[in-house]
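Next come the chains, spelled out residue by residue.
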Amino acid sequence: MAGSEFHVGRTKVCLVQGDITDMDTDAIVNAANSTLMGGGGVDGAIHRRAGPRILEECRRIRAEEWPEGLPTGKAVITSGGNLKAKRVIHSVGPVWRGGSQDEPKLLADAYRNSLRLAVSNGLKSVAFPSISTGAYGYPIEQASRVALNVIREFLEREDKLERVVFVLFTKEDLEIYEKAAKHLCPSERQP
Ligand code: AR6
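Keep in mind that this is a model prediction, so the values were computed, not measured.

What counts as what
- Sequence order as written defines residue numbering, which begins from 1 separately in each chain.
- Local features in this predicted model are restricted to residues of pLDDT 70 or higher, and side-chain atom pairs are both shown and tallied only at a pLDDT of 80 or more, whereas totals for entire chains, interfaces and linings draw on every residue.
- Each side-chain value is worked out from all heavy atoms of the structure, with water and hydrogens disregarded.
- Lining residues are those with an atom within 4 Å of a point, where the points come from a 1 Å grid over the protein atoms alone and group into cavities, where a 1.4 Å probe fits but cannot get out, or pockets, open sets with protein on both sides within 12 Å along at least five of seven lines.
- Grid points are joined across faces, edges and corners, and a volume is the space filled by probe spheres set on the points.
- In DSSP terms, a helix is any run of H or I states spanning at least four residues, a strand is any run of E spanning at least two, and both are numbered starting from the N terminus.
- Amino acids are sorted into nonpolar (Ala, Val, Leu, Ile, Met, Phe, Trp, Tyr, Cys and Pro), charged (Asp, Glu, Lys and Arg) and polar (every other residue, Gly among them).
- The nearness test applies per residue and asks whether one of its heavy atoms lies within 4 Å of the molecule or strand.
- The definition of a polar contact used here is a pair of N or O atoms within 3.5 Å, where within protein one atom must be able to donate a hydrogen and the other to accept one, and adjacent residues in sequence count solely through side-chain atom pairs.
- Computed by Shrake-Rupley with a 1.4 Å probe, the accessible areas treat only the displayed protein chains as cover when residues are assessed.
- Pocket or cavity membership: a molecule qualifies when more than half of its atoms sit within 2 Å of the grid points of that site.
- Strands were regarded as paired on the criterion that DSSP finds at least two bridges between them.
- Note on geometry: axes are C-alpha line fits, over the in-contact stretch for helices, and angles between N-to-C directions span 0 to 180 degrees.
- In what follows, residue pairs with any heavy atoms lying within 4.5 Å of each other are defined as contacts.

What to know about the layout of surface pockets
Within this model, the largest pocket holds a volume of roughly 550 Å³. A31, G41, V42, D43 and G134 are, among the 25 residues lining the largest pocket, the residues nearest its centre. Counting only elements with at least two residues in the lining of the largest pocket, the list comes to strand 3 (27–32), helix 1 (41–50) and strand 7 (163–168). Residues of the lining of the largest pocket, tallied by class, amount to twelve nonpolar, ten polar and three charged.

Some thoughts on the site of the ligand
Around the ligand lies a shell of 23 residues, among which N33, G40, D43, S132 and G134 are the nearest. Note that a nitrogen atom of the ligand is positioned 3.0 Å from one of the side-chain N or O atoms of D19. In this structure, D43 approaches the ligand through a side-chain N or O atom, which is 2.7 Å from an oxygen atom. Protein contact buries 88% of the 700 Å² of open area that the ligand shows by itself. Taken atom by atom, the bulk of the ligand overlaps the largest pocket.

Considering the sheet that holds strand 5 (residues 87–92)
The seven strands are arranged 1-2-7-6-3-5-4 in an open sheet whose pairing can be described as mixed. Unpaired on one side and paired on the other, strand 1 (3–8) and strand 4 (75–79) mark the two borders of the sheet. Taking each pair of neighbouring strands and ignoring which way they run, the sheet shows an average axis angle of 20°. Sheet topology places strand 4 next to strand 5; five bridges connect them, and they run antiparallel. Of the residues in strand 5, the one forming a bridge with I77 is I89. In the packing of helix 4 (residues 140–157) onto the sheet, contacts are made with strand 1, strand 2 (11–17), strand 6 (125–128) and strand 7, and the angle to strand 7 comes to roughly 170°. Its contacts with the sheet put helix 5 (residues 171–182) on strand 1, strand 2 and strand 7, and the angle it makes with strand 2 is roughly 150°.

The structure is reproduced here in structure tokens:
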């Protein structure tokens, strides 16, 4: 697989091109919407491959915890159904509305809350898609900087994860993330 990697503390951060539904990390993160009832893009691909069980779990989460829908920036966890990953973390990124509607904070929340759930469930590895940069229209150069910065900040304080992977769908998207990673302050990156 094409890509690159670096460490933050003890955690390896990998940037790869691929399909997130192929990942064998403990969890994969879904770029969901607040209904949790599926959709297109990553969400559609995950539900297709995971099978009906996770939709059933999402229905239960909606009924018991989030009857009005999962708010933007929050995350919930289900099993992985038929996926290689044992769990799916469903998180809702912000719709891009020009950048003045708290989009960077909400995007950072989506990543941070997903990481928190991974740690609180004892997981060691987690794979993320590029949340919000498809149907939700967040410019990927800006989103990649938010994503990598929040992950760095989180991993500097928390050393329980062994591996965090970003799975970018296209070569162009991978290159944008690799460029953003190079611009993380050098003292914050270890080879
Ligand atoms: N593996 C990895 N990345 C993928 C895959 C895949 N299988 N499929 C698409 N991408 P999106 P959003 C990339 O639209 O912007 C859904 O309908 C894609 O190229 O999946 O957060 C939900 O139900 C893009 O770079 O998520 C919501 O309604 C990135 O994943 C809404 O879309 C995110 O694209 C969420 O929109």
